[in-house]
Amino acid sequence: MRFRPLPVRSTVRLRRPVDIWHKPALSAVVALGVPDLVLFGLGRLDLVLYTSAGAMCALYAHGLPYAARARTLPWVVLGMVASVAVALTAASLITSAAVLVVLASLVAAVHKMVCDATRIGPPGNLILTFIAASAFFVPQRPAEVLPHTGLALATGAFAWLVCMAPALVRPQGPERIATARALEAAAGLLRARADAGAEAGMEAEAAPPAGPPEPAGVAHARHATAAAVNAAWHALFLVPARTPEKAAARAGLERLLVRAESALGGVPRDAKAEAGRFGDWARELRSGRPLPEVTLTATEAAELAGAAWEFGVALEPGMDLRQPNATTAASQVSCVPCVSSAPAASCVSRGAEESGGDRRGRGTDVRGLRRPAPGRPRGFRAAVGQLRPGSPLLPIGARVAVGCVLAGWASLAAGVGHPYWAVVTAASIYQANTTLSWQRAFQRTLGNLLGLLLFTALLPLIHIGAGVMIALALACQLGAEAMISRNYWLGSVCVTPMALLLTQFGRPLPAGTLIADRWLDTVVGAAVGLVCCVLVTNRRAADRIDLALERVAEAEAAASRLLAAGPGARSGAPNVTRYEVQSGRSGANTVDRVNGTGWADGPVGVAEATGVRDAGWEREAEWVGWAHEAGWARDRLGGALVELREAAEVAAGEWWQRALPEERITRAEQQGHRTLAVLVRRLAAPALAA
């Protein structure tokens, strides 16, 4: 076991704002503002808490494509409504504040575990817990529970409409942004390699494990690129393509993403020029302009075509392709040799023409688009699996429950009139590990103190009237979303007065009492919550590393087997041992046989690789199938490496933890990224000879 010191520096450092902060901000302002104005006109601002419950759901799911967002937001709304219903029912039946604190704490623990298991994204469990905990302490009669819950449900439906409205203007906006992020990360990786003097990144992959590690900036950029590419693929997998137009749009984004992914392989292009090209493409995607034309290699196009030939469908929307049978599959596939210097969408099958297929788009099967690698649970099954016995989320849930109960009871003992603020504060500080929880506690305390000063300064405006209060609450909501991605404490400066304003709508209190209660609850909740976080350690964080290491090893071994069975092995070219793969015996004048192709660095080696492919893979359909399997292997390995890095960072932040296998982690990441780079280079090799 070893103890890890908690950091005291860099806690208040400001970051760059998230690129889409304005989307949830504006959605929340509209979703909150319209019901508030209606209530203002009706003279029923005492109902603001219930309408805010549903309206706050507009903050969620803005990183998802619209089809997935349409499915996800109803679950968020139902979760919010169910939490409010439980809270209001308890408030109408239970008079003991201590019992209500326990119930609110249990609901907060459920919010934390479910949000982490589903990876719903910002703002996570915080909004759900804030609304539900507040509802536990609102005076309520049993007859009022149903209509108040109905208000939350109605405004939740309105929030769904607000969040889906941008689809009418930019239906591909979220997936375009995800692809743009991957391109920008890939451009950063190429620049980092160029700045490190890596000559387009080829030396980094050729370095042996025992050699000097790659520069920290390159390693960070590599992990960031792998994570961005992995996230972008997940986003594209959520995009349905039920029409030729939608299929064409998704296919264009897939080509851009495949090109961005080539940066992980250190493809020997001009790094600076390629980085600039990626940046230009990213700006075009964000601006809403037509998709840029992208040149793919023969193998990259073959990978995207693999799904098409698996189902016997056309890669280009508008081309009709009938299902090939076992005897004619090889003869029908003619798209691979013709695409080494053409966009993938221009691949046209002779089979379509010979079978009488037309070009009017009838019978187009969009299953030809790339699909996620099989074998991993997704959706509801994946979320349930995250909550299985032994899950690392269970200690986090225990932290939240115990910390919130003790914080709420301490607030009651101190005579504070709003114990749910202490519960919310304790729930908000619990992050993935002790280090992050410590930082969040400090940030929340600092932000709430400054927020109380801001609320005090706004008191003269607040006293003008309810209309001004609504305007101030909406302005605080907008400011919170604008600043919270830069640092949590900065966003809390706006969140605090907004929370106080919502309280004033229902039951106005003297400003002095309100400020004193908020400050005391913040200090009590942060202190008690942090003590519980330190005492209830997540000892299972290291177990997650062991599981992640196993997944990386399995994915890397599967990718190596696929490379060993590649075109070079089938053509009779000499193979190499595992030792040669790990030692990276490839250079400017030597043949890199790590993928079985006899590919040397440079144009000569690439031409040799292409010749070996052409000589060894006489059946083009078999080549397309191999490229398809290689894409799946790359997905599995890339995802496993991202999970390993995440698990390592979480475990490293626990202050009381068994010694981490840092050497194993480093070795697994180096070997995994090396194999991933070889796989990407193997898929990109033909373009270099073109």
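About the thresholds
- Residues numbered from 1 in each chain as written.
- Predicted model: local features only at pLDDT ≥ 70, side-chain atom pairs only at ≥ 80, totals over all residues.
- Heavy atoms only, no water.
- Helix = DSSP H or I, 4+ residues; strand = E, 2+ residues; numbered from the N terminus.
- Contact = heavy atoms within 4.5 Å.
- Areas by Shrake-Rupley, 256 points an atom, 1.4 Å probe, with all protein chains shown as cover.
- Buried < 20%, exposed > 50% of the residue type's maximum accessible area, 1.4 Å probe, protein only.
- Core = buried A, V, L, I, M, F, W, Y, C linked by side-chain atoms within 4.5 Å.
- Expected span 1.5 Å × (residues − 1).
- Phe/Tyr/Trp six-rings, centres within 6.5 Å; stacked < 30°, edge-to-face > 60°.
- Salt bridge = Lys/Arg side-chain N within 4 Å of Asp/Glu carboxyl O.
- Axes fitted to C-alpha atoms, helices over the stretch in contact; angles between N-to-C directions.
- Parallel < 35°, antiparallel > 145°, perpendicular 65-115°, else oblique.
- Left-handed = near helix turned anticlockwise from the far one by under 90°.
- pLDDT = per-residue confidence, 0-100.
- Patch = residues over 30% accessible without salt bridge, like charges linked within 9 Å, V, L, I, M, F, W, Y side chains within 5 Å.

**Examining the overall build of the chain**
Point 1. Summing up its helical and strand segments, the chain has 27 helices and four strands in all.
Point 2. Put simply, 81% of the contacts in the chain that link residues at least 6 apart link residues at least 24 apart.
Point 3. Of the accessible surface of the chain, which amounts to about 28,400 Å², a share of 63% is contributed by carbon and sulfur atoms.

**Observations concerning the environment of Leu514**
Point 1. Tracing the chain through its elements places Leu514 in helix α21 (residues 511–535).
Point 2. Residues Leu514 and Gln504 lie 10 residues apart in sequence; the distance between their C-alpha atoms is 9.1 Å.
Point 3. Beyond its immediate sequence surroundings of up to four residues, Leu514 is in contact with His418, Trp421, Phe455, Leu500, Thr503, Gln504 and Leu509.

**Remarks on the environment of Met56**
Point 1. Mapped onto the elements of the fold, Met56 is located in the loop between α2 (48–55) and α3 (66–93).
Point 2. Classification of Met56 as buried rests on a relative accessible area of 2%.
Point 3. Put simply, Met56 and Pro24 are 32 residues apart on the chain and 9.7 Å apart in space, counted from C-alpha to C-alpha.
Point 4. Those residues in contact with Met56 that sit more than four places away from it in its chain are Leu32, Ile127, Gln477 and Met498.

**Brief notes about the nonpolar core**
Point 1. If you look at the biggest cluster of nonpolar residues, it comprises 86 residues, and the most contacted ones within it are Tyr60, Met80, Phe136, Phe455 and Ile462.
Point 2. It is α3 that contributes the most residues to this core, nine residues altogether.
Point 3. Ignoring anything within four residues of it in the chain, the contact list for Phe455 reads Ile462, Pro497, Leu500, Leu501, Leu514 and Ile515.

**What to know about helix α10 (residues 244–261)**
Point 1. With 18 residues, α10 extends 25 Å from end C-alpha to end C-alpha; this agrees with the ideal 26 Å at 1.5 Å per step.
Point 2. Within α10, 14 of the 18 residues are buried, which leaves it mostly tucked inside the rest of the structure.

**Thoughts on the environment of Leu502**
Point 1. Relative to the helices and strands, Leu502 is located in helix α20 (residues 488–506).
Point 2. Apart from the residues within four sequence positions on either side, Leu502 is in contact with Val48, Ser52 and Phe130.

**Overview of the packing of aromatic side chains**
Point 1. By the definition in use, this model includes four aromatic pairs.
Point 2. Their ring planes at 25 degrees and their centres at 5.8 Å tell us that Trp233 and Phe237 sit as a pair that is stacked. Of this pair, Trp233 and Phe237 both sit in helix α9 (residues 216–237), four residues apart, roughly one helical turn.
Point 3. Owing to a relative accessible area of 3%, Trp233 belongs among the buried residues under this scheme.
Point 4. Note on Phe278 and Trp281: the rings are 5.9 Å apart at their centroids and 35 degrees apart in plane angle, and the pair reads as tilted.

**Focus: the pattern of salt bridges**
Point 1. Taken as a whole and assessed by the stated rule, the structure comprises 12 salt bridges.
Point 2. A salt bridge links Glu274 to Arg277; its shortest N-O distance comes to 2.3 Å. Of the two residues, Glu274 and Arg277 both sit in helix α11 (residues 271–287), three residues apart, roughly one turn of that helix.
Point 3. A single salt-bridge network, built from bridges that share partners, covers Asp19, Arg181, Glu184 and Arg286.

**Observations regarding unusual backbone geometry**
Point 1. A cis amide bond, omega 0 degrees, links Pro122 with the succeeding residue Pro123.
Point 2. Position of Pro123 among the secondary structure elements: in the loop between α4 (97–118) and α5 (126–136).
Point 3. Phi is positive for Ala61, which is not a glycine, with a value near 65 degrees.
Point 4. Turning to its location among the elements, Ala61 is positioned in the loop between α2 and α3.
Point 5. Ala61 sits in the buried class, given a relative accessible area of 4%.
Point 6. With phi around 50 degrees, Arg119 is a residue other than glycine that occupies positive phi space.
Point 7. Its location among the elements puts Arg119 in the loop between α4 and α5.

**As for the packing of helix α18 (residues 434–462) against α21**
Point 1. It is the contact of α18 with α21, at a shortest axis distance of 10 Å, that shows an interaxial angle of 175 degrees. If you check the angle between α18 and α21, you find them roughly antiparallel. Contacts from Thr434, Ser437, Trp438, Ala441, Arg444, Thr445, Asn448, Leu449, Leu452, Phe455, Thr456 and Leu459 in α18 reach Ala511, Leu514, Ile515, Arg518, Trp519, Thr522, Ala526, Leu530, Cys533 and Val534 in α21.

**Some points on the packing of α5 against helix α17 (residues 419–429)**
Point 1. Between α5 and α17, the least distance of the axes is 9 Å, while the angle of their chain directions is 165 degrees. In terms of orientation, α5 and α17 fall into the roughly antiparallel class. Read as a crossing pair, α5 and α17 show a hand that is right-handed. When α5 is examined against α17, the residues Leu126, Thr129, Phe130, Ala133 and Ser134 are found in contact with a partner set consisting of Tyr420, Val424, Ala427 and Ser428.

**Observations concerning the confidence of the model for the chain**
Point 1. For the chain, the mean per-residue pLDDT works out to 75, and 70% of the residues sit at or above 70.
Point 2. This model gives residues 306–367 a pLDDT under 50, and the stretch forms 123 contacts once residues within four places in sequence are excluded.
Point 3. pLDDT under 50 marks residues 568–618. Its contacts with residues more than four places away, or in other chains, come to 97 contacts.

**Digging into a nonpolar patch on the surface**
Point 1. Together, Leu449, Leu450, Leu453, Trp519 and Val523 line one region of the surface with nonpolar side chains, adding up to about 390 Å² of accessible area.
Point 2. The set of elements that each furnish at least two residues to the nonpolar patch consists of α18 and α21.

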